[in-house]
Amino acid sequence: MIRPRGRTLVGICLVVAALLAGAAIVGGLVQLHDRLERQSPTLTTLFWLALIVPIVGGSAYLLWRYAAAKPPPPRVPADESGAVEVQLEAIEKVIARIENPTARAELERELARIRPGGRKELKVVIFGTGSAGKTSLVNALLGRQAGRTEAVIGTTQETHEHLHAHHGQGFVYLADTPGLAEIGTAGEAREREARDLAVRADLLVFVVDHDLVRAEFETLAALARHGKRSIVFFNKTDRFTEHDRDSILAKLRERLKGVIAPDDILAGAAAPRPLTVKRMRADGIVETRAEPQTPAIDPLRVRMDAILAAEGESLHAGNLLLRAHLLARKAQDALAAERDARAQAVIEKFQWITAATVFANPFPAVELVAGGAVQLQMVSEIAAVYDVELSAAHVRAIASRMIQTLVKLGLLETASSLIAGIFKSSLVGYAAGGAVQAVSLAYLTHVSGEAFATYFRRGQSWGDGGIQAELIRQFDLTSRVDFLQEFARQAMRKASERMLKASPKP
């Protein structure tokens, strides 16, 4: 073994030798140049060309290769629209890596909906609890009966969009959503749809018909954190006295301080109750009739128009950017789920390879060597699943460290004793010693495979506590009983499939 001081001396000797060799080459070239110059100027010119051209050409080639290999600098967007385009390009690359055609097609459709088109469209989403008067407000804003209204929670079963106006900023659509806080599974699904649409709104109108309850406040606060531009409309004020209406409006502004600006908290009545009018006819008979009242929503209409005129462009760009971020997260989640499923298939394959190898070989030393070989190949395939490129030396280092940790923690003996104990108390019919060892090492292959998958999923990080803590965590998470039962079921299924294939066809 060469000591550090010896390595330093060797390095100095190599540098001196290189300098001497360089000096000898330069001296030889000088002598050749002098000889050629005495004989012919033409030969001297050719000498310089033969010397300089390869040097210049080689340098240019190396610079070109370096520039080609160097990744282009990231494109810095000039504004929100540019940021949206950069984000969409990144999403497109993630979606292209998803193998499931159904999931990929769904994400591509959503991506197409986000891409800015030729016609500018602004979406105003009417949002709130059931029977707060959302559909009545949509009807009042449109000036026509566009949706059914009833005094029953859950009247609006699905989202409806209506063209409101051709505004200065583009086409404005009103979206009437299902209500929040509806009872039952169907109500929960409709609420999820409403929340999803609210997040994607350019402008949100949150309708209430009373002071805020906790669920409404939490929803509004969450949407504000997403950066949603929101108006709160206190509806059905015709049912309150003037004093009560003013008190509730003041309370709303107090509760939403720092969440919604006071100027964006308004009151009115989208569908005021008819006014009962008595009139005496010429014949002296008094008749009573209900006269419909004009919707009292002018403050809301004025505020909506002002916001869309002043902020429509930035609201639309910001909303596209938010939707792109949400789609990016959704695409990444879909890709991660697909990778996890493929990693599970790899782990299952190698646990069976381990079991078969160990069961066929009764020598423990060879079993450990075989297990090490399995670990090497499993690491390589799991890394490939997560698009991680590893050198052969790196793969060996990781697999070796895993095996050393298994032995150090005594998990090999622990797994063998636990599996053997389960065999004794179960009805599995192949409880021979070789089977115990085979299943034990298959179990440990499964545990280490889960640890490797977590390592690559985290970006080649073992997390707090390192490889040892992660291995113990996976050992504790993976139930021995459940693993053995599933292992036995798969073994019987595989055996049945082989018997069916081997049986002669009639």
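Rules used in this analysis
- Residues numbered from 1 in each chain as written.
- Predicted model: local features only at pLDDT ≥ 70, side-chain atom pairs only at ≥ 80, totals over all residues.
- Heavy atoms only, no water.
- Helix = DSSP H or I, 4+ residues; strand = E, 2+ residues; numbered from the N terminus.
- Buried < 20%, exposed > 50% of the residue type's maximum accessible area, 1.4 Å probe, protein only.
- Areas by Shrake-Rupley, 256 points an atom, 1.4 Å probe, with all protein chains shown as cover.
- Contact = heavy atoms within 4.5 Å.
- Salt bridge = Lys/Arg side-chain N within 4 Å of Asp/Glu carboxyl O.
- pLDDT = per-residue confidence, 0-100.
- Axes fitted to C-alpha atoms, helices over the stretch in contact; angles between N-to-C directions.
- Parallel < 35°, antiparallel > 145°, perpendicular 65-115°, else oblique.
- Left-handed = near helix turned anticlockwise from the far one by under 90°.
- Nonpolar A, V, L, I, M, F, W, Y, C, P; charged D, E, K, R; others polar.
- Core = buried A, V, L, I, M, F, W, Y, C linked by side-chain atoms within 4.5 Å.

### Comments concerning the overall build of the protein chain
Turning to step 1, where the next piece is worked out: Scanning the protein chain from N- to C-terminus turns up 15 helices and 8 strands.
Turning to step 2, where the next piece is worked out: Each of the 506 residues in the protein chain was classed as buried or not, and the buried ones make up 38%.
Turning to step 3, where the next piece is worked out: Just so you have it, the protein chain exposes about 29500 Å², and 59% of that area is on carbon and sulfur atoms.

### Digging into the environment of Glu 287
Turning to step 1, where the next piece is worked out: Counting through the fold element by element, Glu 287 comes out in strand 8 (residues 286-291).
Turning to step 2, where the next piece is worked out: Once the C-alpha coordinates of Glu 287 and Val 277 are considered, the two residues, 10 residues apart in sequence, prove to be 8.3 Å apart.
Turning to step 3, where the next piece is worked out: Beyond its immediate chain neighbours, meaning those up to four positions away, Glu 287 contacts Val 277, Lys 278, Arg 279 and Arg 281.

### Some points on unusual backbone geometry
Turning to step 1, where the next piece is worked out: The backbone of Lys 236 sits at a positive phi, close to 60 degrees, despite the residue not being glycine.
Turning to step 2, where the next piece is worked out: Along the chain, Lys 236 turns up in the loop between strand 5 (230-234) and helix 8 (242-255).
Turning to step 3, where the next piece is worked out: Judged by relative accessible area, which is 16%, Lys 236 ranks as buried.
Turning to step 4, where the next piece is worked out: With a phi angle near 55 degrees, Asp 387 is a residue other than glycine that sits in the positive phi range.

### Concerning the pattern of salt bridges
Turning to step 1, where the next piece is worked out: For the structure shown, the criterion picks out 16 salt bridges.
Turning to step 2, where the next piece is worked out: With its nearest N and O atoms 2.7 Å apart, the salt bridge here joins Arg 303 to Asp 264. Here Asp 264 lies in the loop between helix 8 and strand 6 (265-267) and Arg 303 lies in helix 9 (residues 298-360), a separation of 39 residues in the sequence.
Turning to step 3, where the next piece is worked out: Ionic contacts of the salt-bridge type, sharing partners, join the residues Arg 229, Asp 264, Arg 303 and Glu 311 into one network.

### Quick word on the confidence of the model for the protein chain
Turning to step 1, where the next piece is worked out: Residues at a pLDDT of 70 or more form 64% of the protein chain, whose mean pLDDT is 74.
Turning to step 2, where the next piece is worked out: Here helix 12 (residues 411-425) is the element of the protein chain with the lowest mean pLDDT, 54, and strand 6 is the one with the highest, 94.
Turning to step 3, where the next piece is worked out: Counting contacts from residues 147-158, a segment whose pLDDT is below 50, to residues more than four positions away or on other chains yields 26 contacts.
Turning to step 4, where the next piece is worked out: Every residue in residues 182-187 is under pLDDT 50, and counting partners more than four places away or in other chains gives 7 contacts.

### A look at the packing of helix 11 (residues 392-409) against helix 14 (residues 466-477)
Axes are the key here: two packed helices are described by the angle between their axes and the distance separating the axes.
Turning to step 1, where the next piece is worked out: Across the interface, helix 11 lies against helix 14 with an axial gap of 10 Å and an inter-helix angle of 65 degrees. Overall, the two elements helix 11 and helix 14 adopt an arrangement that is roughly perpendicular. Here the hand of the crossing between helix 11 and helix 14 comes out right-handed. Between helix 11 and helix 14, the contacting residues are Arg 401, Met 402, Thr 405, Leu 406, Lys 408 and Leu 409 on the first element and Ile 467, Gln 468, Leu 471 and Ile 472 on the second.
Turning to step 2, where the next piece is worked out: For the contact of helix 11 with helix 14, the residue count by class is 6 nonpolar, 2 polar and 2 charged.

### Here's the deal with the nonpolar core
Turning to step 1, where the next piece is worked out: Counting residues in each nonpolar core, the largest one holds 34 residues, and the members touching the most others are Ile 382, Tyr 386, Met 402, Phe 452, Phe 456 and Trp 462.
Turning to step 2, where the next piece is worked out: Looking at this core, the elements with two or more residues in it are helix 9, helix 10 (364-385), helix 11, helix 13 (433-457) and helix 14.
Turning to step 3, where the next piece is worked out: Examining the composition of this core, we find that 11 residues originate from one element, helix 13, more than from any other.
Turning to step 4, where the next piece is worked out: Contacts of Phe 456, omitting those with residues within four sequence positions, involve Val 379, Ile 382, Ala 383, Tyr 386, Val 388 and Leu 390.

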